[in-house]
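Coordinate analysis (summary)
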Amino acid sequence: MLSRHLHRVPSLKKSVVLLFLVASLLLTVAACGDAEQRRVLVFAAASLRDVLTELAVEYEVANEVDIAVHWGGSVALANQLKRNAPGDVFISAGAGPMDDLEENGLLAPESRTTLASNNLVLAVSSDTNPTSQPLEQTLRDAGRIAMADPALSPAGVYARESLQNMRIWDELHDRIVLGSNVRTALAYVESGAAEAGIVYRTDAVNNEGVRIAYEMPSASHSPILYPAALLKDSRNQPEASPFLAFLKEEYAQSRFQARGFNVGDWR
């Protein structure tokens, strides 16, 4: 009898160990599920990378929410969302991509707002000597001019509008170098792949490799606004909505302003 009981002890230990492992696995799964619920995925225009990265980190620390950001040209991001890419918040560098999502019924009702605005500038390498000649002549003298692709980024649309309204688009068209977004266009200028670039002011002032040669005439292009909205099919709206509200608060708006963006009464 004693011998029979002794043989059962290892089996009992195995059962206890197995139960412990199952319990641990269930706790891990539950924790992972909770982590997913506390995660916000933001699709954001590349020109917002500096300021939004800073604000996301601060918000994560204060609220224990994981803010993941997918960067890119606004048109390209909108197309991804139209193809059912999962996301919670969309922040565009122009009204067009946001209008597209709204027309397709992909935005959460009454969640659309405007965070900031920007200006368009002509940037050159920081090594380039300043010149007193007019903007149009500087553009004509530049061998290659970088800008974002209008098919992928509103920055390219604004740049094309500006050159068209200045009546020099046709003259310069063959010397235009297109980047997938405004950050890529700026990198072309910084690396010397292009002699000048039409980019957002915020990108140029925060890059030591380039300097602003001219402000592009504001009347030559549409207003550069940054609309933001919750996505209707977001599974994390309870977490995403407060984050979007945070970006509209005075503190966050002051951080946008410190990075060169304009904030105003459209809020």
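In this convention, every chain numbers its residues from 1, walking through the sequence in written order. Given that the model is predicted, a residue must reach a pLDDT of at least 70 before its local features are reported, and side-chain atom pairs must reach 80 or more before they are shown or counted; all residues, however, enter totals for whole chains, interfaces and linings. To get the side-chain values, all heavy atoms of the structure are used, and hydrogens and water are removed first.

1. Overview of the overall build of the protein
Using the following cut-off: What counts as a helix is a DSSP run of H or I of at least four residues, what counts as a strand is a run of E of at least two, and both are numbered from the N terminus. Whether a residue is buried, partly exposed or exposed follows from its accessible area with a 1.4 Å probe, protein chains only, as a fraction of its type maximum: under 20%, in between, or over 50%, in that order. In what follows, a contact means two residues having at least one pair of non-hydrogen atoms within 4.5 Å. Exposure was quantified through the Shrake-Rupley algorithm and a 1.4 Å probe, taking into account, for residues, occlusion by the shown protein chains and nothing else.
The number of helices and strands found in the protein is 11 helices and 10 strands. Across the 267 residues that make up the protein, the buried fraction comes to 45%. Counted over contacts in the protein with a minimum sequence separation of 6, partners at least 24 positions apart contribute 79%. When the accessible surface of the protein is totalled, it reaches about 13,900 Å², and 53% of it is carbon and sulfur.

2. Observations regarding the environment of Gly156
Position of Gly156 among the secondary structure elements: in helix α6 (residues 154–165). In this structure, the C-alpha to C-alpha distance between Gly156 and Ala185, residues 29 residues apart in sequence, is 9.5 Å. Not counting chain neighbours up to four residues away, the residues in contact with Gly156 comprise Met147, Ala148, Asp149 and Pro150.

3. Overview of the sheet that holds strand β6 (residues 145–148)
Our working rule: Between any two strands, pairing holds if DSSP finds at least two bridges. To obtain an axis, a line is fitted to C-alpha atoms, over the contacting stretch when the element is a helix, and the angle between two such axes runs from 0 to 180 degrees between their N-to-C directions.
The strand order across the open sheet formed by 5 strands is β7-β6-β8-β5-β9, and the pairing between neighbours is mixed. Strands at the two margins of the open sheet, each flanked by one partner only, are β7 (176–179) and β9 (210–215). Adjacent strand axes in the sheet meet at a mean angle of 35° when their direction is disregarded. Here 5 bridges tie strand β5 (residues 120–125) to β9, and the two strands are oriented antiparallel to one another.

4. Some remarks on the sheet that holds strand β3 (residues 89–91)
With mixed pairing, the 5 strands of this open sheet are ordered in space as β2-β1-β3-β10-β4. Only two strands of the sheet have a single partner each, and these edge strands are β2 (66–72) and β4 (113–118). On average, each strand axis in the sheet is tilted by 20° relative to the strand beside it, whichever way the strands run. With 3 bridges connecting them, strand β1 (residues 39–45) and β3 associate as parallel partners. Each residue of the ladder has a partner; that of Ala44, found in β3, is Ile91. Here helix α2 (residues 49–63) sits on the sheet in contact with β1, β2 and β3, set at roughly 170° to β2. Contacts from helix α3 (residues 74–82) reach β1, β2 and β3, with the element oriented near 135° to β1.

5. Topic: the side chain of Asn119
Applicable threshold: In protein, a polar contact requires one atom able to donate a hydrogen and another able to accept it; more generally it is a pair of N or O atoms within 3.5 Å, and residues adjacent in sequence count only if both atoms are side-chain atoms.
Mapped onto the elements of the fold, Asn119 is located in the loop between β4 and β5. A distance of 3.0 Å separates polar atoms of two side chains, one belonging to Asn119 and the other to Asn262. Excluding anything up to four places from it in sequence, Asn119 contacts Val199, Tyr200, Arg201, Glu215, Ile224 and Asn262.

6. Focus: the pattern of salt bridges
This is how it is decided: Should a side-chain nitrogen of Lys or Arg be within 4 Å of a carboxyl oxygen of Asp or Glu, the pair is scored as a salt bridge.
Considering all chains together, one arrives at 12 salt bridges under this definition. Across the pair Glu58 and Arg255 runs a salt bridge, and its minimum N-O distance is 2.4 Å. With Glu58 in helix α2 and Arg255 in helix α11 (residues 250–258), this residue pair connects regions lying 197 residues apart in the sequence. A salt bridge links Glu195 to Arg144, with the shortest nitrogen-to-oxygen separation between them at 3.0 Å.

7. Description of unusual backbone geometry
Phi at Glu64 is positive, roughly 55°, even though this residue is not glycine. The topology assignment puts Glu64 in the loop between α2 and β2. A positive phi angle is found at Arg167, which is not glycine, with a value near 65°. Topologically, Arg167 is positioned in the loop between α6 and α7 (169–172). The class for Arg167 is exposed, based on a relative accessible area of 76%.

8. Topic: the pairing of β4
Of all 6 residues that make up β4, 6 are buried, and the element is covered over most of its length. Bridge analysis of β4 against strand β10 (residues 224–230) gives 5 bridges, and the strand direction is antiparallel. Bridged to Thr114 within β10 is Pro227.

9. Some words on helix α8 (residues 182–191)
Here is the rule we go by: Directions from the helix axis toward the C-beta atoms define the arc.
Every buried residue of α8 is listed here: Val182, Ala185, Leu186 and Val189. Along the axis of α8, the buried positions cluster into a sector of 100°, meaning they face one direction only. Looking one or two residues past α8, Gly192 carries a phi angle of roughly 90°, positive in sign.

10. What about the packing of helix α10 (residues 237–248) against α11?
Rule in force here: By definition in this entry, angles of less than 35 degrees are roughly parallel, angles greater than 145 are roughly antiparallel, angles of 65 to 115 are roughly perpendicular, and the rest are oblique. Three categories are distinguished: nonpolar for Ala, Val, Leu, Ile, Met, Phe, Trp, Tyr, Cys and Pro, charged for Asp, Glu, Lys and Arg, and polar for the others, with Gly belonging to the last.
Between α10 and α11, whose axes approach to 5 Å, the crossing angle comes to 60°. The orientation of α10 with respect to α11, classified from their angle, is oblique. Along its contact with α10, which presents Phe246, Leu247 and Lys248, the element α11 presents Glu250, Tyr251, Ala252, Gln253 and Phe256. Looking at side-chain class alone, the contact of α10 with α11 contains 5 nonpolar, 1 polar and 2 charged residues.

By themselves, these figures tell us nothing about what the structure is for.
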